[in-house]
Amino acid sequence: MSTSDFNLNHQNKSTESKIVASLERIAQAFRVLLWQESKENSLTPIQVQVLIFLRFHSDEKCKVSYLASEFNMTKATISDTIKTLGQKQLITKETQQHDTRSYIIKLTKKGKEIADKTSMFSKEIIKPIDSLHPDDKEHLLLSLLNIIRHLNQSGVITIQRMCLTCSYYDYSNKTKKHFCKLLNQDLQPTDLRIDCPEHLIQQD
Ligand code: SF4
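Cut-off values and rules
Residues numbered from 1 in each chain as written. Predicted model: local features only at pLDDT ≥ 70, side-chain atom pairs only at ≥ 80, totals over all residues. Heavy atoms only, no water. Helix = DSSP H or I, 4+ residues; strand = E, 2+ residues; numbered from the N terminus. Buried < 20%, exposed > 50% of the residue type's maximum accessible area, 1.4 Å probe, protein only. Phe/Tyr/Trp six-rings, centres within 6.5 Å; stacked < 30°, edge-to-face > 60°. Domains from an automatic or database assignment. Buried area = accessible area lost by both parts, 1.4 Å probe. Salt bridge = Lys/Arg side-chain N within 4 Å of Asp/Glu carboxyl O. Polar contact = N/O pair within 3.5 Å; in protein donor to acceptor, adjacent residues only side chain to side chain.

### Observations regarding the overall build of the protein
No. 1: For the protein, the helix and strand inventory stands at eight helices and five strands.
No. 2: Across the protein, helices and strands are ordered from the amino to the carboxyl terminus as α-α-α-α-α-β-β-α-α-α-β-β-β.
No. 3: If you line up the protein on its principal axes, its C-alpha atoms span 55 × 45 × 40 Å.
No. 4: With 204 residues in all, the protein has 31% of them scored as buried.

### Remarks on the packing of aromatic side chains
Two aromatic rings are characterised by how far apart their centres lie and by the angle between their planes.
No. 1: According to the stated counting rule, one finds three aromatic pairs in the structure shown.
No. 2: Geometrically, the ring pair formed by Phe 30 and Phe 121 is edge-to-face, given 6.1 Å between the ring centres and 70° between the ring planes. Taken as a pair, Phe 30 in helix 2 (residues 15–40) and Phe 121 in the loop between helix 6 (109–118) and helix 7 (123–130) lie far apart in primary sequence, 91 residues in all.
No. 3: Exposure remark for Phe 30: the relative accessible area of 33% places this residue in the partly exposed category.
No. 4: Among the aromatic residues, ring-to-ring pairing joins Phe 53, Tyr 66 and Phe 71 into one connected group.

### Remarks on the domain arrangement of the protein
No. 1: Structurally, the protein comprises domain 1 (8–122) and domain 2 (133–191).
No. 2: Taking only C-alpha atoms into account, the centre of domain 1 sits 24 Å from that of domain 2.
No. 3: Both sides of the domain 1 and domain 2 interface together cover about 540 Å² of buried area, and 52% of this is carbon and sulfur.
No. 4: Taken as a group, Leu 23, Glu 70 and Asn 72 account for 55% of the area that domain 1 buries against domain 2, more than any other trio of residues on that side.
No. 5: Counting the contacts that link domain 1 with domain 2 gives one salt bridge.
No. 6: In this structure, the salt-bridge partner of Glu 70 is Arg 161, at a minimum N-O distance of 2.7 Å.
No. 7: On inspection of domain 1 and its partner domain 2, the count reaches five residue pairs in polar contact (both at pLDDT 80 or more).
No. 8: Among the elements that take part in the side of domain 1 that touches domain 2, helix 4 (residues 64–70) stands out by supplying three residues, more than any other.

Shown next as structure tokens:
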């Protein structure tokens with residue numbers, strides 16, 4: 001059995017395990033900040049996450065089944081969340097003419113206001129990132145994208161809309177350049193997207 005990243009005898013001698021432990025601390029910071037923001041608005045963290053997602057994504061993604069995959073939850077759990085948000089008058093449901101069983105979830109004016117406010121919950125996390133040297137930001141972004149791609153490919157997290165998992169993405173080992181076949185242009189490392197509206201899922 002391999003040694004745990006959280007075994008301090010091992011961790012203190014391993015750069016890789018210290019990075020894992022650091023990511024865990026940052027994940028904890030996200031949970032704490034999201035929880036604080038949720039409490040202030042009498043909402044649960046998942047309700048806030050759904051509101052923020054609805055605020056910044058297109059209609060075809062604002063459906064129960066997509067949200068369930070996005071948040072790695074069952075459709076029943078997401079349906080309950082949507083029901084509660086409806087009771088709080090933060091969302092409405094728009095039935096589609098061609099498919100009356102499915103509906104698009106829309107934010108109300110109040111829902112948009114709360115989504116805008118709560119979406120600032122990460123402002124403490126961006127501060128130290130802002131002050132990094134541009135080269136360090138680029139390395140950090142590329143490293144994180146590679147970690148996320150691995151987690152996606154190994155099935156730990158589901159939906160991803162990043163360049164590295166997109167059918168339009170190309171990378172040349174020879175020139176070390178990233179390329180988008182949709183935009184038909186090279187992408188600088190800092191142009192690589194983590195959540196692209198035009199992302200096309202790669203087919204196996
Ligand atoms: S379509 Fe979007 S996600 Fe896909 S490669 Fe181009 S910029 Fe990246």
